[in-house]
Amino acid sequence: MHSQLDHHRFLIVSVMLTFATTLPAAAVAQAPTYVTQWGTYGSASGQFQYPWAVAVGSGNLYVTDRFNFRIQSFDNSGAYVTQWGSNGNSGDQFELPDGVAVDFDGNVYVADSGGHSVQKFSSNGTYLAKWGTFGTEDGQFQYPSGVAVDVNGDVFVAEQGNQRVQVFTSGGNYLRKWGTNGSGNGEFQHPYGIAVDGSGNVYVADSDNHRIQKFTGDGTYVTQWGSYGTGDGQFNSPMGVAVDAAGIVYVADYGNSRIQMFTSGGAYIALWGKYGTGNGQFDYPVSVAVDAGGNVYVADTGNHRIQKFSQSSTPTRSASWGQIKSLYR
């Protein structure tokens, strides 16, 4: 079932968006419980061909339906709302939609990895803007995979091909960048998912270095955690990343088919999931997001479904949406 996913392990991304007030990290200290799921393999409304990224905003959940070349929107219980997109390179089409994020005004940003661009839509899918072309210059992209928006409306893009993060205004004007190929502090090997917390800190899923890196909003390196493996706090190609209002960091540990939770400084808290098709099990999850009520949504990519989980003690008030990962390798 996931042979296409494995064959195409191009770049997976994580996208995510977090707006939050700061709450004690200890407020959430356990793995959430399974609530529901929706989706099957197919191309009809509510079906998926590899759901890649997930983001929350405007009361809805937005899903990058990668190989159907579209965005689908659902309410928080999984009821289908709307969709837009098709295969192509015009303004409202996609060549390989990857990461997705939502800003405070409800605008939806999509990293079109195959089209080497970022597209902006209204909450109902009306096309608004597009920027980016293939290349290495400022404002150009090579396989943008993750996208996130901060409280000021600035758009952060994780770019796998150029091994960097670029930052833009909400209208697409270039602001700054950081990162290069490597394994040192502030260097990347296929950065996929990206998230921004309420204080402006940026978290990047540095997938092939099997770690999460944390930066300030201007790109100053803060810390990192993770190494290759299956133990608590270790990763096998982390793809998606999200942050809730309490500062808890959620990571889609793609290769280990699980979700891990950490403090904002990288201390391990808990994990849940294993490879499988049952409730709470995953087949290479690419993205994770958290809504204002503390509900956690996972793009269970190989199972062609979205799973929803709930915290038993979550005084969270945030919008953390993410991301996903990306294209083929």
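Everything numeric in this text was worked out from a predicted model, so none of it was measured. (Residues numbered from 1 in each chain as written. Predicted model: local features only at pLDDT ≥ 70, side-chain atom pairs only at ≥ 80, totals over all residues. Heavy atoms only, no water.)

1. Let's talk about the sheet that holds strand 22 (residues 258-262)
Strand order in this open sheet of four strands is 20-21-22-23, and the pairing throughout is antiparallel. The outermost strands of the open sheet, each flanked by one partner alone, are strand 20 (238-243) and strand 23 (268-272). Within this sheet the neighbouring strands show an average axis-to-axis angle of 20°, counted without direction. Inspection of the sheet shows strand 22 paired to strand 23 by four bridges, in the antiparallel sense. (Pairing = 2+ DSSP bridges. Helix = DSSP H or I, 4+ residues; strand = E, 2+ residues; numbered from the N terminus. Axes fitted to C-alpha atoms, helices over the stretch in contact; angles between N-to-C directions.)

2. Looking at the packing of aromatic side chains
Applying the stated criterion across every chain yields a total of 22 aromatic pairs. Both rings, one in Phe 168 and one in Tyr 174, keep their centres 6.1 Å apart while their planes meet at 75°; by these two values the pair is edge-to-face. A residue is classified by how much of its surface remains accessible, and Tyr 174, at 29% relative accessible area, is partly exposed. Here the aromatic residues Tyr 62, Trp 84, Phe 94, Phe 121 and Tyr 127 are joined through ring pairs into a cluster of three or more. Sitting over the ring of Trp 52, Arg 66 keeps its end group 4.4 Å from the ring centre. Taking NZ or CZ as reference, Arg 66 lies 5.7 Å from the ring centre of Phe 67, over its face. (Phe/Tyr/Trp six-rings, centres within 6.5 Å; stacked < 30°, edge-to-face > 60°. Buried < 20%, exposed > 50% of the residue type's maximum accessible area, 1.4 Å probe, protein only. Lys NZ or Arg CZ within 6 Å of the ring centre and 35° of its normal.)

3. What about the pattern of salt bridges?
When the charged atoms of two side chains with opposite charge come close together, those side chains can pair. Tallying each qualifying case throughout the model produces seven salt bridges. Residue Lys 177 pairs with Asp 138 through a salt bridge whose shortest N-O separation is 2.7 Å. Residue Lys 177 is located in strand 15 (residues 174-178), and its partner Asp 138 is located in the loop between strand 11 (127-131) and strand 12 (144-149); the two are separated by 39 residues in the primary sequence. Owing to a relative accessible area of 41%, Lys 177 belongs among the partly exposed residues under this scheme. (Salt bridge = Lys/Arg side-chain N within 4 Å of Asp/Glu carboxyl O.)

4. Looking at unusual backbone geometry
One non-glycine residue with positive phi stands out, namely Ser 257, at about 50°. Relative to the helices and strands, Ser 257 is located in the loop between strand 21 (249-253) and strand 22. Here His 304, not a glycine, exhibits a phi torsion of approximately 55°, which is positive. In this structure, His 304 sits in the loop between strand 25 (296-300) and strand 26 (305-310). The exposure class assigned to His 304 is buried, which follows from its relative accessible area of 2%.

5. Brief notes about the nonpolar core
If you look at the biggest cluster of nonpolar residues, it comprises 15 residues, and the most contacted ones within it are Tyr 250, Trp 272, Val 296 and Val 298. The set of elements that each furnish at least two residues to this core consists of strand 21, strand 22, strand 23, strand 24 (287-290) and strand 25. Excluding residues that lie within four positions of it along the chain, Val 296 makes contacts with Pro 32, Tyr 250, Trp 272, Val 288, Ala 289, Val 290, Gln 307, Lys 308 and Phe 309. Counting residues in hydrophobic clusters, the runner-up holds 12 residues, among them Val 165, Val 167, Val 196 and Val 202. (Core = buried A, V, L, I, M, F, W, Y, C linked by side-chain atoms within 4.5 Å. Contact = heavy atoms within 4.5 Å.)

6. Side note on the sheet that holds strand 12
Hydrogen bonding along the main chain pairs the strands of a sheet, whether they run parallel or antiparallel. Overall, antiparallel pairing links the four strands, which are arranged 12-13-14-15 in an open sheet. For this open sheet the edge positions go to strand 12 and strand 15, each flanked by a neighbour on one side alone. Going from strand to strand, the sheet's axes swing by 20° on average, the running direction of each strand aside. Direction of pairing for strand 12 relative to strand 13 (residues 155-159): antiparallel, over a ladder of five bridges. Directly across from Ala 148, in strand 13, lies its bridge partner Phe 156.

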